[in-house]
Amino acid sequence: MKKTVTDKKNITFLIALFFEVLAMLISITTIPYMVDTDSCNLFLKLLRYTGYAIILFKILNDDYTTKQITIILVIVAILLMNSVAVKGNTILCLFLFIIGMRGIDFNLVCKVTLVWYLFGITITVLGSQCRLIENWDYTSGERVRRALGYFYPSHATSTMFYTMCLFCYVMGEKLRLWHVCILEALNLMQYKETDARAGTLLMVVMPIVFWMIRLDKKQISNRLYGKALTLAFPVCAIFSIGVSKFYTGKGLLSTINSLISNRFALANKALNEYGLSLFGQRIEWVGNGGYGHTFTEFATPYNYVDCSYVKIMLDYGIIFLLVVIIGYTIASVKALKENDKFLLIALSFIAIYSIIEPRLIEIGFNSFVLVLVVLVNYRYDRNKVEDRRNESTK
């Protein structure tokens, strides 16, 4: 009976998540701009709110302890204040799925969403090559970048990065060298089109690290590097915010800034212009996405910030950023205790990638955001520890 109830919860959650992911996968392509954009956006909104209704139904029918209810109420209070400050409910809706993850099989969710992401990438990229989906190009001097059917080239790179990370995590011990070779070839192909340098470099390293970590048969909880990786999110957050705040345009940081498309300088400008707040503020971000296709002149100067940590802090405030960093860190510590080395490695790469891309809490790109459920449902699974110990002795 218990298994049947659990299966029903998993199915309910996956159905709700499907509507959200489907809407996100379409919204980041050029498809909405090939049809009546307003009608398409209304359709995507309908998909999202269908998912929200289903996940809210699950949440209201779940059982909670007094401690869990208290934590949820505190988080919801923070999110409501965020929503008022930014005049939007994006983060509040995201946390419906995070709270709804209680009692859900995370590995199952990863396997299912991997299929969705792979299908979405295949349809979008092949569609763009067959001219069924518009393949926008962005030319700046001698640098020509193509978006492969996505709204902007970095969208294509980010989608591939998170899908590759998800693939490596799901494969785990079954990841083989030929998988790595295929992933590297696909990465080089996307680089040729998108010219996304920093993201491509991380995708060169990531599958190799996942493959090599298989060879380490000792438990990661006994490894020094395992303990160090649990600090990936606070270290990356402090580093990126600190460098952005005190960036002067001189020395080594200036060279790095040039290599990562002026990200430090833009973050520094945004921090100085908008300042910090506890619960966020509404900022009209102006980026290159759509330039030459949906508009030809900038109404206001370019101000987009790509660093997830800086952008979350500016958009949603210091308190929400702390909640996110604490949540990811708790998830990393939990992965260490359970000797889930592949999850720990995945989260570490996401922490690093979030220095240069703003997708850390966007579920349409990053399904690993669901690990934030540990904020309301931390449970140390001893069975997993035993399973990992048995695997390491084989």
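What comes next is a walk through the structure. Small disclaimer: the values here were computed from a predicted structure and weren't measured.

A look at the packing of helix α5 (residues 106-129) against helix α6 (residues 153-171)
Item 1. Look at α5 against α6: their axes get within 10 Å of each other, and the N-to-C directions meet at 140°. Classed by the angle they form, the pair α5 and α6 counts as oblique. In this structure, α5 crosses over α6, and the sense of that crossing is left-handed. Residue-level inspection shows Phe106, Asn107, Cys110, Lys111, Thr113, Leu114, Tyr117, Leu118 and Ile121 of α5 in contact with α6, the latter providing Thr159, Met160, Thr163, Leu166, Phe167, Tyr169 and Val170.

Observations regarding the pattern of salt bridges
Item 1. Summed over all chains, the structure comprises 11 salt bridges.
Item 2. Asp62 is the partner of Lys9 in a salt bridge, and the nearest nitrogen-oxygen pair spans 3.6 Å. With a gap of 53 residues between them, Lys9 in helix α1 (residues 2-27) and Asp62 in the loop between α2 (37-61) and α3 (66-86) connect regions that are remote in the sequence.
Item 3. Overall, Lys9 belongs to the partly exposed group, its relative accessible area being 29%.
Item 4. Linked through salt bridges whose partners overlap, the residues forming this network are Lys9, Lys58, Asp62 and Arg102.

So, the side chain of Asp306
Item 1. Note that Asp306 resides in the loop between α12 (263-274) and α13 (308-337).
Item 2. Its relative accessible area of 14% is what places Asp306 among the buried residues.
Item 3. Discounting residues that sit within four places of it in the chain, Asp306 has contacts with Arg263, Ser354, Ile356, Glu357 and Pro358.

Section: the state of the cysteines
Item 1. Scanning all chains against the criterion turns up 0 disulfides.
Item 2. Between Cys93, a free cysteine, and Cys40, which holds the nearest cysteine sulfur, the sulfur-to-sulfur gap is 19 Å.
Item 3. Cys181 carries a free sulfur, and the closest cysteine sulfur to it, the one in Cys168, is 12 Å from it.
Item 4. Owing to a relative accessible area of 47%, Cys181 belongs among the partly exposed residues under this scheme.

Rules behind the numbers
- For every chain, the first residue of the written sequence is number 1, and numbering continues from 1 along that sequence.
- Where local features are concerned, this predicted model is filtered to residues with pLDDT of at least 70; where side-chain atom pairs are given and counted, the filter is 80 or more; whole-chain, interface and lining totals use all residues.
- As a rule here, side-chain values come from all non-hydrogen atoms in the structure, and water together with hydrogens is ignored.
- Between N-to-C directions, angles cover 0 to 180 degrees, with each direction set by a line fitted to C-alpha atoms, over the stretch in contact for helices.
- Secondary structure counts use DSSP, requiring at least four H or I residues in a row for a helix and at least two E residues in a row for a strand, with both numbered from the N terminus.
- Roughly parallel covers angles under 35 degrees, roughly antiparallel covers those over 145, roughly perpendicular covers 65 to 115, and oblique covers all other angles.
- What makes a crossing left-handed is the near helix being turned counterclockwise from the far one by less than a right angle; a clockwise turn instead makes it right-handed.
- Contacts are residue-level and defined by heavy atoms, with any inter-residue pair within 4.5 Å sufficient.
- What counts as a salt bridge is simple: a side-chain nitrogen of Lys or Arg found within 4 Å of a carboxyl oxygen of Asp or Glu.
- Relative accessible area decides the class of each residue, using a 1.4 Å probe on protein chains only: under 20% of the type maximum gives buried, over 50% gives exposed, and in between gives partly exposed.
- Disulfides are defined as pairs of cysteine sulfur atoms found within 2.5 Å of each other.

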